[in-house]
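Summary of the model geometry
Spelled out from the first residue to the last, the chains are:
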Amino acid sequence: MSDKPILYVVTSNAVKGASGQPTGFWLSELTHPMHETEAAGHRSEIATIRAGVAPVDADSLNMDDPVNAHYWQQTDLQQRLQAAPGLGGLNGADYSAILFTGGYGTMWDFRESLDAQRLIREVYENGGIVAAVCHGPAALVDAKLSNGEYLVSGKNVAAFTNTEEEATGGAKIVPFLLETALVEHGAKHHAAPNWAENVVVDGRLITGQNPASAKGVGVALAKALG
């Protein structure tokens, strides 16, 4: 087992673009994978695109979910989110894995983050694992390896689907359709029915389709790390 921690990345963006609707990251897409990896003995660090307060989507604050309730009420998670480091000062070689959590906020800051792209490349090329869930794969769309190839090119992936985006009304708001963008850069996208759990593992790339897939991404990540 690597003694390096897992880096969990959450959005810095708190609004759905021009709509002005409040958003952020989706709590269970952080807590559920973290619960699985920490139970397996792996340490966690949390960072956000730009240093500062990491906004949580109020709609995701479901305390009937025991994993959410544990992390939100019984750990220092809220304090960590109030002063999350930005990606700029981090080095991918320091982490065993990087996991990009979802939530609508990601659609406005994950894809364009050069630091996210750099960390993906550094983690992957140092033998680490790259993971993402729901809208988190937005960070993967433009990420390239040192040879200039898109990381997702030829890889099997799952992500929030176009049909899920249409079902939530998000298709009219998001700046791009995540499934379409991944396919445009060579990904082999695998869609399950709306809201069904769907985790796809392709070597050291682990992706999940939606909130129901968050735990499964954590299980797969813990297994891959040994």
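This text follows the structure it describes.
A brief structural summary. Everything numeric in this text was worked out from a predicted model, so none of it was measured.

Of regular secondary structure, the chain possesses seven helices and eight strands. Taken over C-alpha atoms, the radius of gyration comes to 16 Å for the chain, in line with the 17 Å a tight globule of 226 residues would show. With respect to the three principal axes, the spread of C-alpha positions in the chain is 40 × 40 × 30 Å. Within the chain, buried positions represent 55% of all 226 residues. Taking contacts inside the chain between residues at least 6 apart in sequence as the whole, the part at least 24 apart equals 76%. Taken as a whole, the chain presents about 9,100 Å² of accessible surface, with 49% of it coming from carbon and sulfur.

Of note, the phi angle at cysteine 134 is positive, near 65°, even though the residue is not glycine. Among the secondary structure elements, cysteine 134 is positioned in the loop between strand 4 (129–133) and strand 5 (156–157). With a relative accessible area of 3%, cysteine 134 lands in the buried category. With phi around 70°, tryptophan 195 is a residue other than glycine that occupies positive phi space. Secondary-structure assignment places tryptophan 195 in the loop between strand 6 (188–189) and strand 7 (199–202).

Another aspect to go through is the layout of surface pockets. Within this model, the largest pocket holds a volume of roughly 230 Å³. If you go around the largest pocket, you meet 15 residues; those closest to its centre are Trp26, Asp57, Tyr104, Phe160 and Thr168. Tallied by class, residues from the lining of the largest pocket come to seven nonpolar, four polar and four charged.

Our focus in this paragraph is the pattern of salt bridges. Two side chains of opposite charge can pair, provided their charged atoms sit close to one another. Within the structure shown, the criterion is met by three salt bridges. In this structure, arginine 118 engages aspartate 115 in a salt bridge whose closest nitrogen and oxygen atoms are separated by 3.1 Å. Linking arginine 118 with aspartate 115, this pair stays in helix 4 (residues 114–125), spanning three residues, or about one helical turn. Relative accessible area serves as the criterion here: at 17%, arginine 118 is assigned to the buried category. A salt bridge links arginine 118 to glutamate 122, with the shortest nitrogen-to-oxygen separation between them at 3.1 Å. Within this pair, arginine 118 and its partner glutamate 122 are both found in helix 4, separated by four residues, close to a single helical turn. One salt-bridge network, held together by shared partners, links Asp115, Arg118 and Glu122.

It is worth spelling out the nonpolar core at this point. Counting 65 residues, the largest nonpolar core has Leu30, Phe100, Val130, Leu140 and Leu182 as its most contacted members. When near neighbours in sequence (up to four residues on either side) are disregarded, leucine 182 contacts Pro137, Leu140, Val141, Val152, Val157, Ala159 and Ala187.

Here we take up the side chain of threonine 161. Checked against the element boundaries, threonine 161 lands in the loop between strand 5 and helix 5 (162–168). There is a polar contact of 3.1 Å between the side chain of threonine 161 and the side chain of threonine 163. Those residues in contact with threonine 161 that lie beyond four places of it in its chain are Glu179, His189, Ala191, Asn194 and Gln209.

Bringing the packing of helix 1 (residues 28–39) against helix 2 (residues 66–74) into the picture now. Orientation of helix 1 relative to helix 2, taken along the N-to-C sense of each, is 90°, at an axis distance of 9 Å. Comparing the axis directions of helix 1 and helix 2 gives the class roughly perpendicular. Residues Ser28, Thr31, His32, Met34, His35 and Glu38 of helix 1 form the contact with helix 2, whose own contacting residues are Val67, Asn68 and Tyr71.

With respect to the helices and strands, the residue alanine 69 is situated in helix 2. For the pair alanine 69 and serine 28, spaced 41 residues apart in sequence, the C-alpha separation works out to 9.9 Å. Once you skip the residues sitting within four places of it in the chain, alanine 69 turns out to touch Met63 and Gln74.

Next up on the list: the environment of proline 5. Within the secondary structure, proline 5 sits in the segment before strand 1 (6–10). The exposure class of proline 5 is buried, given its relative accessible area of 6%. Sequence separation of proline 5 and proline 175 is 170 residues, and the distance between their C-alpha atoms is 32 Å. In this structure, proline 5 is in contact with Arg43, Glu45, Asp94, Tyr95, Ser96 and Ala97, ignoring residues within four places of it in sequence.

Quick notes on the rules
- Residues numbered from 1 in each chain as written.
- Predicted model: local features only at pLDDT ≥ 70, side-chain atom pairs only at ≥ 80, totals over all residues.
- Heavy atoms only, no water.
- Helix = DSSP H or I, 4+ residues; strand = E, 2+ residues; numbered from the N terminus.
- Rg over C-alpha atoms; globule rule 2.2 N^0.38 Å.
- Buried < 20%, exposed > 50% of the residue type's maximum accessible area, 1.4 Å probe, protein only.
- Contact = heavy atoms within 4.5 Å.
- Areas by Shrake-Rupley, 256 points an atom, 1.4 Å probe, with all protein chains shown as cover.
- 1 Å grid on protein atoms, 1.4 Å probe; cavity = no way out; pocket = protein on both sides within 12 Å on 5 of 7 lines; lining within 4 Å.
- Points joined across faces, edges and corners; volume = space filled by probe spheres on them.
- Nonpolar A, V, L, I, M, F, W, Y, C, P; charged D, E, K, R; others polar.
- Salt bridge = Lys/Arg side-chain N within 4 Å of Asp/Glu carboxyl O.
- Core = buried A, V, L, I, M, F, W, Y, C linked by side-chain atoms within 4.5 Å.
- Polar contact = N/O pair within 3.5 Å; in protein donor to acceptor, adjacent residues only side chain to side chain.
- Axes fitted to C-alpha atoms, helices over the stretch in contact; angles between N-to-C directions.
- Parallel < 35°, antiparallel > 145°, perpendicular 65-115°, else oblique.

In short, the description is geometric, and any link to function would need to be established separately.
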